[in-house]
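# Coordinate inspection notes
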Amino acid sequence: MSYSTADSLRSVTLDDVRGAQKMLTGVARTTAMEGSRHLSQLVGSPVHLKCENLQRTGSFKLRGAYVRIAGLLPEERAAGVVAASAGNHAQGVALASSLLGVHSTVFMPDGAPLPKISATRHYGAEVRLHGQVVDETLAAAQEYAAETGAVFIHPFDHPDVIAGQGTVGLEILDQCPEVGTIVVGMGGGGLAAGIAVAVKSIRPDVRIVGVQAAGAAAYPPSLAAGHPVTVANPATMADGIKVGRPGDVPFAIVRELVDEVRTVGEDQLSAALLLCLERAKLVVEPAGAGPVAALLAEPGAFAGPVVAVLSGGNVDPVLMQRVLRHGMSAQGRYLAVRLRLTDRPGALATLLGVLSAADANVLDVSHVRTDPRLGLSEAEVELHLETKGPAHCTEVGQALREAGYTVID
């Protein structure tokens, strides 16, 4: 499969996806499908997790990148390829290029996670940092392609890429033939479009639900307008789906075949990532946890059996620490409080005694003694506590007030 620029807007067919599947034999893994008892109980029907976070390079992106590069003409391969990505597509292009013997240059945003930058270089790509968001990085990569003759490998807006991603849908049908709903995260829309083509061609009754981060949700306004529109300044921790504009090719497919697009907030993404880690023992990046976040937000809205696609697991450890803390806070399992107490020997020990009696685990304590708002004999203390849920948070606050402490909101 190789498309010229003139027919790059051509749609994708089931035959394209099946051809991509043959091409990926021995390259991409058939990733596991894991059941989730906890999510099944919430939804009221079986829920399965399609573990693309366990794919080579840590995400589904290898599929589309390999199919696109493998389909290039010999003279195009000789010119090399260039791509732009926050990390997952970068690694997919780097590995695919190395496997096919093609030189690759990858542009990444200045704030891309260091592990993703390091991994991309490790797979053999030349990495250049440019821009703050993927759209700026895309523009730089396209300019480089125009100047050097390298072939631009778009992360989602090309039929070959979409066909490669669609192989996830064929695997879902093989692994869960009775599937009723597939929930998949969306940035530019390549994965959702590919899955929709594969699945709807064979099982048109299966419901396809796309999920976007609320701070970077370009599909709802685009679908309302009938054409791709740009969302200014997309903002979300889910860097894998932080895309300001849908791709033209996937948009046409999504508009026709995807049944619904939902949005989830940052708290819901954090809670979903935490659930995947604790309950499923799976490391998933925020973008990959989007489908689980949608299930947690409204579990009764999905007809089963449900397959939630965990699209990637390449999460920066620093971000993971922040997200887990955020997720624990959202679930009432982490509490930060500030309070004032008399600055005298033994005061902190007394305070810790109150917290111990309330069964709150103290993670961190910091003092402020020089703030002009404080009295001469006062100190302000900020405590980070591990708690057992919203009700326990309320109990801890009440215990502190009953002990005579002034809790500062």
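The preceding data block contains the structure.
Small disclaimer: the values here were computed from a predicted structure and weren't measured.

### Looking at the overall build of the chain
Along its length, the chain carries 16 helices and 14 strands. Taking 22 Å as the expected radius of gyration for a compact globule of 409 residues, we find that the chain reaches 24 Å, a close match to that expectation. Overall, the chain is about 80 × 50 × 40 Å in size when its C-alpha atoms are taken along their principal axes. With 409 residues in all, the chain has 57% of them scored as buried. If you take every contact in the chain between residues at least 6 apart in sequence, the share linking residues at least 24 apart comes to 72%. Counting only carbon and sulfur atoms, one obtains 51% of the accessible surface of the chain, whose full area is about 16700 Å². When the 33 positive and 41 negative side-chain charges of the chain are each reduced to one mean point, those points stand 4 Å apart.

### Concerning the packing of aromatic side chains
Centre distance and the angle of the planes are the two values used to describe a pair of aromatic rings. Applying the stated rule across the entire model yields two aromatic pairs. Between Tyr 219 and Phe 251, the ring centres sit 6.1 Å apart and the planes meet at 25°, which makes this aromatic pair stacked. With a gap of 32 residues between them, Tyr 219 in helix H10 (residues 219–225) and Phe 251 in helix H11 (residues 248–257) connect regions that are remote in the sequence.

### Structural notes on the pairing of strand E5 (residues 126–129)
Where strand E4 (residues 104–108) and E5 come together, four bridges link them in parallel fashion. Residue pairing in the sheet places Met 108 in a bridge with Leu 129 of E5.

### Regarding the pattern of salt bridges
With the rule as written, the count across this model stands at 13 salt bridges. A salt bridge links Glu 171 to Lys 50, with the nearest nitrogen and oxygen atoms 2.7 Å apart. Pair noted here: Glu 171 is in helix H8 (residues 159–175) and Lys 50 is in strand E2 (residues 47–51), with a separation of 121 residues, a long-range link. Accessibility assignment for this pair places Glu 171 and Lys 50 in one class, buried. Among the salt bridges present, the one from Lys 116 reaches Glu 285, with a minimum N-O distance of 3.4 Å.

### Description of the nonpolar core
One finds Ile 69, Ile 182 and Ile 195 to be the most contacted residues of the largest nonpolar core, which totals 63 residues. The element that contributes the greatest number of residues to this core is helix H9 (residues 190–202), accounting for eight residues. Formed by 38 residues, the second largest nonpolar core is a distinct cluster that contains Val 47, Leu 282, Val 315 and Leu 324.

### Considering the packing of helix H3 (residues 61–70) against H8
Orientation of H3 relative to H8, taken along the N-to-C sense of each, is 135°, at an axis distance of 7 Å. Between H3 and H8, the angle falls in the class oblique. Remark: the crossing between H3 and H8 carries right-handed chirality. Within the contact between the two elements, H3 uses Lys 61, Arg 63, Gly 64, Val 67 and Arg 68 and H8 uses Asp 160, Val 161, Gly 164, Gln 165, Thr 167, Val 168 and Glu 171. Of the residues that constitute the contact of H3 with H8, the class distribution is three nonpolar, four polar and five charged.

### A closer look at the sheet that holds strand E3 (residues 81–84)
Taken together, four strands build an open sheet; the order of strands is E5-E4-E3-E6 and the sheet is parallel. In this open sheet, the two edge strands, each paired with only one partner strand, are E5 and strand E6 (151–152).

### Focus: unusual backbone geometry
Omega for the peptide link from Gly 304 to Pro 305 comes to -10°, which places this bond in the cis form. Position of Pro 305 relative to the elements: it lies in the loop between helix H13 (290–297) and strand E10 (306–310). Positive phi, normally seen in glycine, also occurs at Asn 233, with a value near 50°. Along the chain, Asn 233 turns up in the loop between H10 and H11. Judged by relative accessible area, which is 70%, Asn 233 ranks as exposed. Even without being glycine, Lys 281 reaches a positive phi, approximately 60°. Considering the arrangement of structural elements, one finds Lys 281 in the loop between helix H12 (266–279) and H13.

### A few points about the sheet that holds strand E7 (residues 181–185)
Here six strands make up an open sheet; going across it, the order is E1-E2-E10-E7-E8-E9 and the pairing mixed. Two strands lie at the open edges of the sheet, namely strand E1 (33–35) and strand E9 (260–264), each paired on one side alone. Across the sheet, the axes of successive neighbouring strands diverge by a mean angle of 25°, strand direction being ignored. Sheet analysis places E7 next to strand E8 (residues 207–213), joined by five bridges and oriented parallel. Counted as the bridge partner of Thr 181 is Arg 207 from E8. Across the sheet, H12 touches E8, E9 and E10, and the angle it forms with E9 is around 90°.

### Some thoughts on the side chain of Arg 63
By the element assignment, Arg 63 lies in helix H3. The exposure class of Arg 63 is buried, given its relative accessible area of 1%. Within the structure, the side chain of Arg 63 is placed 2.7 Å from the side chain of Glu 52, a separation counted as a polar contact. Among all residues touching Arg 63, those that are not within four sequence positions of it are Leu 24, Ala 28, Arg 29, Thr 31, Glu 52, Gln 55, Gly 164, Gln 165, Thr 167, Val 168 and Glu 171.

### Examining the packing of helix H15 (residues 347–357) against helix H16 (residues 390–402)
Look at H15 against H16: their axes get within 9 Å of each other, and the N-to-C directions meet at 140°. Judged by the angle between their axes, H15 and H16 are oblique. Crossing geometry of H15 relative to H16 is assigned as right-handed. Only Val 396, Ala 399 and Leu 400 of H16 make contact with H15, whose side of the interface consists of Leu 351, Val 354 and Leu 355. When its residues are assigned to classes, the contact of H15 with H16 shows six nonpolar, no polar and no charged.

Cut-offs and rules
- Every residue gets a number counted from 1 within its own chain, in the order that chain's sequence is written.
- Reporting in this predicted model follows two pLDDT cut-offs: at least 70 for local features of residues, and 80 or more for side-chain atom pairs to be given and counted; totals over whole chains, interfaces and linings ignore these cut-offs and use all residues.
- Excluding hydrogens and water, the side-chain figures rest on all heavy atoms present in the structure.
- The numbering of helices and of strands both runs from the N terminus, where a helix is a DSSP run of H or I of at least 4 residues and a strand a run of E of at least 2.
- Radius of gyration means the value over C-alpha atoms here, while the globule rule gives 2.2 Å times the residue count to the 0.38 power.
- Burial status follows relative accessibility: with a 1.4 Å probe on protein chains alone, a residue under 20% of its type maximum counts as buried, one over 50% as exposed, and anything between as partly exposed.
- Note on contacts: a residue pair is in contact if any heavy atoms of the two residues lie within 4.5 Å.
- Every accessible area reported is derived by Shrake-Rupley at a probe size of 1.4 Å, with residue values counting cover from the shown protein chains alone.
- In summary, the charge assignment counts Lys and Arg as positive and Asp and Glu as negative, without counting His or the chain termini.
- Each charge is placed at NZ for Lys, CZ for Arg, CG for Asp and CD for Glu.
- Geometry of aromatic contacts follows a simple scheme: Phe, Tyr and Trp rings, the Trp one being its six-membered ring, pair when their centres are within 6.5 Å, and the pair is stacked under 30 degrees between planes, edge-to-face over 60, tilted otherwise.
- Two strands are counted as paired when DSSP detects at least two bridges linking them.
- Each reported salt bridge corresponds to a side-chain nitrogen of Lys or Arg within 4 Å of a carboxyl oxygen of Asp or Glu.
- Among the buried residues, those of types Ala, Val, Leu, Ile, Met, Phe, Trp, Tyr and Cys that are joined through side-chain atoms within 4.5 Å form a nonpolar core.
- Structural elements are reduced to axes, namely lines fitted to C-alpha atoms, with helices fitted over the stretch in contact, and the angle between N-to-C directions of any two is expressed from 0 to 180 degrees.
- Put simply, angles under 35 degrees are roughly parallel, angles over 145 are roughly antiparallel, angles from 65 to 115 are roughly perpendicular, and the rest are oblique.
- Each crossing gets its hand from how the near helix is turned against the far one by less than a right angle, where anticlockwise is left-handed and clockwise is right-handed.
- Charged means Asp, Glu, Lys or Arg here, nonpolar means Ala, Val, Leu, Ile, Met, Phe, Trp, Tyr, Cys or Pro, and polar covers whatever is left, Gly included.
- Side-chain atoms alone can form a polar contact between residues adjacent in sequence; in general such a contact is a pair of N or O atoms within 3.5 Å, and within protein one must be able to donate a hydrogen while the other accepts it.

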